[in-house]
Amino acid sequence: MKIFRSKGAAIATVATAGLFGAAALTFDVDIRMKDAWAKEAKPSASTGKWSPTKPNPSFDVYYPGTEALAPDEMRVIACGTGMPMPRLKQAAACFLIELGNGDKFIFDMGTGSMERIYALGIPLDYIDKVFLTHLHMDHMGDLQAFYMYGPQNNRSVPLRVWGPGGGGTRPEWGTKASLDHMQKTWAWMNGTLVGTIDMRSSSIEVTEYDWSKVNNVIYEHNGVVIKSIPAIHFEQSASLLLEWNGMTLAYMGDSLPNKWWIKHAHGADLAISECFLPPDLAAKKWSFTGQEALNAVTTIHATAAFFGKVMSMTKPKHAVAFHFQNDADTLPAVMNAVERTYDGPVDYAQDFMVWNVTKEGVRTRMAVPNHEAYPTPPLHEKKIATGGERYQTPDSVLAGWPDEFTGLANKIYANFNKKHGTDYKFKLKK
Ligand SMILES: [Zn+2]
Ligand SMILES: [Zn+2]
């Protein structure tokens, strides 16, 4: 698949067939050539640098779990690049950030994103820090799934969530209130699992940050600083800046262009920002009236033309446009609107797009997700008894158990114990 680019540096285009259909990504050749592997002579059998039975060093895809991050390197993976309208191809907003010092962060967790995170095979104990830009479903909808499935998938540490609150907004609209209600929603599920699995991660540590403050430090640990700046997206919405190792990742969830971003996200190493469809396309594709579409993309969200102008004013080293349906028939119009004003490096994101960020530049690839992911091994010893005595199903319900199945269950236990050298006993009651 070829993509025409009207302005800017030479651009190569890679088509990745298969998992993503005719998915395409672009990268800046100049930047890419700075990659260490590209400095070497092209591997070939004649140079002696390549063997058909050894790994090919020139893959343009990223296989999760196979590459060590350099100590000074940042890796960002798009786990959701789409819209509130659910679709198989794109989950809603979610980005996973991994740093060479071992830290990992999630920025937003929109609907559909959890399975993308799982498909990367990262132990959940490593990804317990979630930062929310605001409380729209397409930015936090899968937080409850991530929270509630954590104990079943070997996360044995509490989930930590940073989200907006304060700033003059009603307290009942804040992140603390929202997640307090969310935990109450899952009282039955939490309560009935006690004593059956390790439930230490069924608690949430919530830190509300004042979304109205500019360049507000909301996290500082292990050389990583995360700041918030206000967004223009109703109220109680923010954008995030992650600073580490002399590099800055700027992330705009939803916002109109704003002075705070223009000032503080200027020159970011990687600037990820919403980029809505142009209004005529939005009206056509979403079956919106003209007024509805114009309202959505110019008074609540940043349409592609806004994105382009913001990037041309802030000059990031590398820009990423997301939060639009990225299809063969929408992408050219989005690119056209963006590149009328912006001619710097830009990727039009899809789910599982990966950016390796160093001071030398940014390398863009597509990750190959594991469609058959299982829980990753736990990092900590499991403590099933934590949380109290095992929940007991009422006798009135257990009265329905057919006695002739007890023998079969005992046989299953005997076989398991024989095979594994254990001594487990079948007990329906605690
Ligand atoms: Zn929103
Ligand atoms: Zn949104």
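Just so it is clear, the model here is predicted, and its values are computed rather than measured.

Thresholds applied
Residues numbered from 1 in each chain as written. Chains lettered and ligands numbered in written order. Predicted model: local features only at pLDDT ≥ 70, side-chain atom pairs only at ≥ 80, totals over all residues. Heavy atoms only, no water. Helix = DSSP H or I, 4+ residues; strand = E, 2+ residues; numbered from the N terminus. Buried < 20%, exposed > 50% of the residue type's maximum accessible area, 1.4 Å probe, protein only. Contact = heavy atoms within 4.5 Å. Areas by Shrake-Rupley, 256 points an atom, 1.4 Å probe, with all protein chains shown as cover. Donors = N, O, S within 2.8 Å, 3.2 Å for Na, K, Ca; no water. Tetrahedral: all angles 85-135°; square planar, octahedral: opposite > 155°, others 65-115°. Disulfide = S-S within 2.5 Å. Axes fitted to C-alpha atoms, helices over the stretch in contact; angles between N-to-C directions. Parallel < 35°, antiparallel > 145°, perpendicular 65-115°, else oblique. Left-handed = near helix turned anticlockwise from the far one by under 90°. Nonpolar A, V, L, I, M, F, W, Y, C, P; charged D, E, K, R; others polar.

**Q** Which residues make up the overall build of the protein, and what values go with them?
**A** Helices and strands together make up the secondary structure of the protein, namely 14 helices and 18 strands. Looking at the protein residue by residue over its 430 residues, the buried ones come to 50%. Look at the contacts in the protein between residues 6 or more apart in sequence, and 65% of them connect residues 24 or more apart. Entry remark: accessible area of the protein is about 20,400 Å², with carbon and sulfur atoms responsible for 57%.

**Q** Before we move on, can you summarise the coordination of the zinc ion (ligand 1) with the specific residues and values?
**A** Around the zinc ion (ligand 1), the protein supplies H134 (NE2), H136 (ND1), H233 (NE2) and D254 (OD) as donor atoms, at distances of 2.1 to 2.2 Å. Geometry at the zinc ion (ligand 1) is irregular, judged from its four donor atoms and the angles of 91 to 159° they form at the metal. All donors to the zinc ion (ligand 1) come from one chain, and their sequence spacing reads H-x1-H-x96-H-x20-D. A separation of 3.7 Å is found between the zinc ion (ligand 1) and the zinc ion (ligand 2), both of which receive a donor from D254. Linking H134 in the loop between β7 (129-131) and α4 (137-140) with H233 in the loop between β11 (224-230) and β12 (238-244), this pair joins segments that are 99 residues apart in sequence. Note on accessibility: H134 and H233 belong to one class, buried.

**Q** Can you tell me about the state of the cysteines, naming the residues and giving the values?
**A** Counted according to the given criterion, the structure contains zero disulfides. Here C94 is not cross-linked by a disulfide; its sulfur's nearest cysteine counterpart is in C79, at 4.7 Å. The class of C94 is buried, set by a relative accessible area of 0%.

**Q** Now, about the environment of G100: what can you tell me, with residues and values included?
**A** Looking at where G100 falls in the secondary structure, it is placed in the loop between β5 (94-99) and β6 (104-109). Taking relative accessible area as the criterion, G100 reaches 22% and is therefore assigned partly exposed. With 32 residues separating them along the chain, G100 and A68 place their C-alpha atoms 8.6 Å apart.

**Q** I'd love a proper account of the packing of helix α9 (residues 279-286) against helix α10 (residues 290-300), names of residues and values included.
**A** With their axes 8 Å apart at the nearest point, α9 and α10 run at an angle of 125° to one another. Between α9 and α10, the crossing angle belongs to the class labelled oblique. Viewed along their axes, α9 and α10 form a crossing whose handedness is right-handed. Contact residues: P279, A282, A283 and W286 in α9; A293, L294, A296 and V297 in α10. Taken together, the residues of the contact of α9 with α10 break down into eight nonpolar, no polar and no charged.

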